[in-house]
Amino acid sequence: MDGLTAGFKNELQLMIYRKKTIFFFAISVFIPLLLIALFHSLQPVLGLFTVSPTYPVQMLEIYTIFLIPLFLFLEIADLFPQEVSSRTLKLALLRPITRLGAYMAKFLALGVAIGALLLLLGTVSTLCNLIFGTSGTGSIDAFGLLKAYVAAFLSMWSLAALFVCMAQFFRSAGGFLVFSILIYAGTKAAPYFLQGFSSFSITSYTGWYSLWLGHSISVAKLATGSVFVLSSLVMFLALGYIFFERKEV
Amino acid sequence: MKKKWLLTGSAVGISGALMLATGFTAFAGTSGYEDYKAALKNTVQNLQSVTVQADAVLKDNGSLLSGAQSTLKANLKNEAVSGTVKISGKAGSQNLNLYSQPDGQVWKSDTSDTYYVKQDKAEKDEQKQGKEHKDEAWFNSQEETVIDALIGNLKNEITSTTANDGSKNISLQLDSAQIPAVVQALAPVAFKHLSDQSQREDLQDSGAKVQLNNPENLFKHSLFNAKDIALTEGVQIQSIHLNAVVNPANEIQRQQFDITFTGKDAQGVSHTLTASLDVQLSALNTTTPDTIDLNGKKVQQVQDHHEGRHHD
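Keep in mind it's a predicted model, so treat the numbers as computed, not measured.

Take the overall build of chain B next. Regarding its fold elements, chain B presents six helices and 12 strands. In chain B, buried positions account for 37% of the 312 residues. Sequence-distant contacts, at least 24 apart, represent 58% of the contacts inside chain B between residues at least 6 apart. Carbon and sulfur atoms form 54% of the exposed surface of chain B, whose accessible area is close to 17600 Å².

Summed over all chains, the structure comprises two cavities of 30 Å³ or more. Size it by volume and the largest cavity reaches roughly 40 Å³. A:Tyr241, A:Ile242, A:Glu245, B:Lys4, B:Trp5 and B:Thr8 are the residues that line the largest cavity. Of all the secondary-structure elements, those providing two or more residues to the lining of the largest cavity are α11 (219–246) of chain A together with α1 (2–28) of chain B. Among the residues forming the lining of the largest cavity, the class breakdown is three nonpolar, one polar and two charged.

One frequent convention defines the size of an interface as the accessible area lost when the parts assemble. Listed as interface residues are 50 residues of chain A and, on the opposing side, 48 residues of chain B. If you sort the residues of chain A by the area they bury against chain B, A:Tyr192, A:Gln195 and A:Phe200 come out on top, with a joint share of 15%. The closest approach of N and O atoms between B:Lys4 and A:Glu245, which form a salt bridge, is 3.5 Å. Along the contact surface separating chain A from chain B lie two residue pairs in polar contact (both at pLDDT 80 or more). Top element by residues in the side of chain A that touches chain B is α11(A). It accounts for 15 residues. A class-by-class count of the residues in the side of chain A that touches chain B yields 25 nonpolar, 21 polar and four charged.

Residues and elements named next belong to chain A. Residues Phe30, Leu33, Leu34, Leu127, Leu130, Ile131 and Phe132 make up a contiguous nonpolar surface patch of about 740 Å² in total accessible area. Counting only elements with at least two residues in the nonpolar patch, the list comes to α2 (19–41) and α7 (99–132). Looking at the nonpolar patch element by element, the count peaks at four residues for α7. On the secondary structure map, Phe30 appears in helix α2.

Our focus in this paragraph is the UniProt feature "transmembrane region" (unreviewed entry) in chain A. Sites flagged by UniProt as "transmembrane region" (unreviewed entry) map to residues 21–42, 62–80, 100–122, 142–164, 176–202 and 222–244 of chain A. Taken end to end, residues 62–80 of chain A comprises 95% helix and 0% strand; its first and last C-alpha atoms sit 27 Å apart.

Before going further, it helps to spend a moment on the confidence of the model for chain A. Put simply, chain A has an average pLDDT of 87, and 92% of its residues get 70 or more. Within chain A, no element has a lower average pLDDT than helix α3 (residues 43–46) of chain A, which sits at 62, and none a higher one than helix α9 (residues 173–189) of chain A, at 94.

Here we take up the pattern of salt bridges. Evaluation of the coordinates by the stated rule reveals 10 salt bridges over all chains. A salt bridge links A:Glu11 to A:Lys106, with the shortest nitrogen-to-oxygen separation between them at 3.2 Å. Pair noted here: A:Glu11 is in helix α1 (residues 2–17) and A:Lys106 is in helix α7, with a separation of 95 residues, a long-range link. The exposure classification of A:Glu11 matches that of A:Lys106, with both residues buried. In this structure, the salt-bridge partner of B:Lys37 is B:Glu34, at a minimum N-O distance of 3.9 Å. Linking B:Lys37 with B:Glu34, this pair stays in helix α2 (residues 32–46), spanning three residues, or about one helical turn. B:Glu34 gets classed as partly exposed once you look at its relative accessible area, which sits at 32%. Overlapping salt bridges bring together B:Glu34, B:Lys37, B:Lys41, B:Glu144 and B:Asp148 as one network.

This paragraph deals with the side chain of B:Ser167. All names here are of chain B. Looking at where Ser167 falls in the secondary structure, it is placed in the loop between β7 (159–162) and β8 (168–175). Only 3.0 Å separates the side chain of Ser167 from the side chain of Asp165, close enough to count as a polar contact. Apart from the residues within four sequence positions on either side, Ser167 is in contact with Thr161, Thr162, Val246, Asn247 and Pro248.

Turning next to the packing of helix α8 (residues 142–167) of chain A against α11(A). Residues and elements named next belong to chain A. At a minimum axis distance of 8 Å, the contact between α8 and α11 shows a crossing angle of 25°. One element, α8, and the other, α11, form an angle in the roughly parallel class. Classified by chirality, the crossing of α11 by α8 is left-handed. On α11, the residues touching Leu154, Ser155, Trp157, Ser158, Ala161, Leu162 and Cys165 of α8 are Val229, Leu230, Ser232, Leu233, Phe236, Leu237, Leu239, Gly240 and Phe243.

This brings us to the side chain of B:Thr260. Its place among the elements puts B:Thr260 in strand β10 (residues 252–265). Residues contacting B:Thr260, with those up to four places away along its chain left out, are B:Gln236, B:Ile237, B:Gln238, B:Ser239, B:Thr272, B:Leu273 and B:Thr274.

All names here are of chain B. Taken together, the 12 strands give an open sheet; going across it, the order is β7-β8-β9-β10-β11-β1-β2-β3-β4-β5-β6-β12, and neighbouring strands pair in mixed fashion. Of all strands in the sheet, those with a lone pairing partner are β7 and β12 (299–301), marking the two edges. On average, each strand axis in the sheet is inclined to that of its neighbour by 15°, with strand direction left out of account. As paired elements, strand β4 (residues 92–101) and strand β5 (residues 104–109) share six bridges and run antiparallel to each other. Within β5, the position partnered with Gln101 by the bridge is Gly104. Against the sheet, α2 engages β7, β8, β9 (231–246) and β10, with an angle of about 120° to β10.

Reading the values: rules and limits
- Residues numbered from 1 in each chain as written.
- Chains lettered and ligands numbered in written order.
- Predicted model: local features only at pLDDT ≥ 70, side-chain atom pairs only at ≥ 80, totals over all residues.
- Heavy atoms only, no water.
- Helix = DSSP H or I, 4+ residues; strand = E, 2+ residues; numbered from the N terminus.
- Buried < 20%, exposed > 50% of the residue type's maximum accessible area, 1.4 Å probe, protein only.
- Contact = heavy atoms within 4.5 Å.
- Areas by Shrake-Rupley, 256 points an atom, 1.4 Å probe, with all protein chains shown as cover.
- 1 Å grid on protein atoms, 1.4 Å probe; cavity = no way out; pocket = protein on both sides within 12 Å on 5 of 7 lines; lining within 4 Å.
- Points joined across faces, edges and corners; volume = space filled by probe spheres on them.
- Nonpolar A, V, L, I, M, F, W, Y, C, P; charged D, E, K, R; others polar.
- Buried area = accessible area lost by both parts, 1.4 Å probe.
- Salt bridge = Lys/Arg side-chain N within 4 Å of Asp/Glu carboxyl O.
- Polar contact = N/O pair within 3.5 Å; in protein donor to acceptor, adjacent residues only side chain to side chain.
- Patch = residues over 30% accessible without salt bridge, like charges linked within 9 Å, V, L, I, M, F, W, Y side chains within 5 Å.
- UniProt positions renumbered as here; feature names shortened; annotations may be inferred.
- pLDDT = per-residue confidence, 0-100.
- Axes fitted to C-alpha atoms, helices over the stretch in contact; angles between N-to-C directions.
- Parallel < 35°, antiparallel > 145°, perpendicular 65-115°, else oblique.
- Left-handed = near helix turned anticlockwise from the far one by under 90°.
- Pairing = 2+ DSSP bridges.

In structure tokens form, the structure reads like this:
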């Protein structure tokens, strides 16, 4: 699997060289700060929003619904359709690497990027709480926080697999970007019209991490949730590979 | 080549099957949320008359700020309500008897012989229309879908345990980290509204001496003084606890609700406010509200003086 390691390193380096990745990370650092500033300026209307030790978890909702999916779409658009249209995928496949290796390298690099972004957001939100937080307002144990972030990572990676699979049908990055945002918004809105849709849709699992914070959740529920997230990851990854394998580059 | 196809194909097949299976488990899962919804529908649909026993308590750092105990008999068909309310607070306690009939409401405090009568025919009609609308909504599956979607993952946190006699205990316990950010952000808004209101009332109070005999004023003053709980800094919902008991006939028998806020007041003193509500329903569809004959009694008409206030 030398090809995979080399390909993985290559993809990571490519990601760092792309300005938009760095730009996105830089903006993400400021988002928790911007939100605090926003709450402060809205104080006459909303009253004082409290920055408490639960701030990292409360903000996780915003991260997993808007920020990270947007980041995913951008990166996936660069990883697949962009490489097809600029014919760099052909070059990559000329190297001693199998298609499976190239595909997995991209997906793993995507996972690392999501993990890094989550870690960054978590760290900044925690720092925000230390600096701006009101003392003596409840607490959350570090282990619970970690569990929530790991669960959020899993659901985001699984979401990434779904959109990697979809990206195989696109030859232009812009088309994929617009389409994926529309699809994401659509699947987010669908549970309001269709009963039971949310049970089968991975996009309904973006807030899944909150289950890991509770004490009253049965183990069976956590287990079925985990199996759903993981099996959806494997299925869309494998489906995506079938399309990637047959692709003419 | 064939082996590779077999491998990816089986990966898709197995994980797809797993996904469907767990999806169906989540879809068909008898969660506490579904139990509660079924019981609520069943109770509301068949409800004609009921006796409600409600206890409301507001505590600040463990000491009682105010409490209300009430027993109400209600008939939803002819919209008659009768009952007693006991309000206790820092200002002492008061007993109120009240009767509500389709043509108006009657109050009487234990401390005086005067019956206060308020006629509000027009308002009742409006209420009636609103109510019918609400009843319809219970059968509307579209709205149910929207509510389901809004509750989202929270429904998994609702647990249900069935006792030997077939009654169910359904509960939801949320800590501050689990409370959705939107709900959490509403807590400071509510307190800001309360403190604004208390300031406005202060202005009014200084103008005219408050007539404590009037039941509405009495309600307002002994229930709680908004200034007591005017938290200004670090307001947060610390926990929410909901508990419901459903009897074997699938009717809601008891409903408890506790909410705890933490925060600091203007002086920087930290407060823990606990509000709890305990409602018990009994004598479903076998309750007859009491009526009152006002002949020969001291009666005072109450004018609706609230109307102007909403506009200022």
